[in-house]
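Structural overview
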Amino acid sequence: MMKKIALLLFLCLSISCAKDDEGKPENQAYLDQLLGRYQLRAAYLENPIDLNGDGIAGTNLFQEVEYCNMSKHLESYWCTIIKVNIQYIDFEIPYSDHYNNFQEYSNCLRHKDVRRELNINSQNESVALVPNEYEEDFMLTYQAKLIDFTWEDRIVYLTLEKEFYTPNGEWATVILYMEYEWVSSAT
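This report concerns the structure included in the present document. (Residues numbered from 1 in each chain as written. Predicted model: local features only at pLDDT ≥ 70, side-chain atom pairs only at ≥ 80, totals over all residues. Heavy atoms only, no water.)

1. A word on the nonpolar core
Core analysis: the largest hydrophobic core is formed by 39 residues, its most contacted members being Ile81, Phe91, Val156, Met178 and Tyr180. It is strand S9 (residues 171-184) that provides the largest number of residues to this core, a total of six residues. If we skip the residues at most four places from it in the chain, Val156 touches Tyr38, Cys79, Ile81, Ile89, Phe149, Thr150, Trp151, Met178, Glu179 and Tyr180. (Core = buried A, V, L, I, M, F, W, Y, C linked by side-chain atoms within 4.5 Å. Buried < 20%, exposed > 50% of the residue type's maximum accessible area, 1.4 Å probe, protein only. Helix = DSSP H or I, 4+ residues; strand = E, 2+ residues; numbered from the N terminus. Contact = heavy atoms within 4.5 Å.)

Structure, rendered in C-alpha cells:
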C-alpha cells in the first residue's frame, strides 16, 4: 500500500513539474529587446569591388551603389523580427537589376524583401534561423545565399554570399555583411 501511495505521489509531482515548465511566462524583457523594426546601418564587402563604375574598388556598399530609376536607397532598407503565430525575420537585400525577363543585367541595385522563419526561445534568450529549402531557393533567384544570422544588443547581423553584376559585364561573387540596428518596437 505504501508503495502505491509513494508511486502516486511521485506521478503527481512529475506531472506538476512538467506543467510548471510548460506554463513559464515568456521573458518579456528579452522579447522587448529583440522584436521590432531595424534599419540598415552598415553594408560592407569582404573584398573590394567596383560596382558603381568609378574605377575605384571599395568595400563599403553605401559608397559603391549605383541607384537607377527609383531604386530604394540602402539607408531605407528595413528588417523586422516578429513573433506572433509564427516567428520570422523579414529583411531587404540588394540585387543586380535585370531587364527583359532576367536576360540583360545592369549594375544598378534593386531591393528584395526576404522572409526567413526563426526559432525564438525567450527562456534561454536565443534566436536562430529555421532551415527551409524553399526560402533558401527563393533567395538564390536574387543571387543571394544567407550564410549566417546573429542578433546581439539590438543589432541584426547578416552574412550573405552574394553575386553582383559589375559595370564591366561580369558577375562578382562576394561576401556581404549587413548590420541592421533596432529603431522601433512597431512592426
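2. Some points on the packing of aromatic side chains
For the structure shown, the criterion picks out five aromatic pairs. Here the aromatic rings of Tyr95 and Tyr142 are separated by 4.8 Å at their centres, their planes lie at 70 degrees, and the arrangement is edge-to-face. Taken as a pair, Tyr95 in strand S4 (residues 87-99) and Tyr142 in the loop between helix H4 (133-140) and strand S7 (144-152) lie far apart in primary sequence, 47 residues in all. Residue classification places Tyr95 among the buried positions, given a relative accessible area of 10%. Three or more aromatic residues joined by ring pairs make a cluster, and in this case those are Tyr95, Phe138 and Tyr142. Of note, Arg37 hangs over the ring of Trp78, and the distance from its end group to the ring centre comes to 4.1 Å. (Phe/Tyr/Trp six-rings, centres within 6.5 Å; stacked < 30°, edge-to-face > 60°. Lys NZ or Arg CZ within 6 Å of the ring centre and 35° of its normal.)

3. Considering the pattern of salt bridges
Enumeration according to the criterion identifies six salt bridges in this entry. Note that Arg41 is salt-bridged to Glu179, the shortest N-O span being 3.3 Å. Taken together, the residues span a long stretch of sequence, with Arg41 in strand S1 (residues 36-49) and Glu179 in strand S9 at a distance of 138 residues. Judged by its relative accessible area of 39%, Arg41 falls in the partly exposed class. (Salt bridge = Lys/Arg side-chain N within 4 Å of Asp/Glu carboxyl O.)

All quantities given are derived from atomic positions and should not be read as evidence of function.
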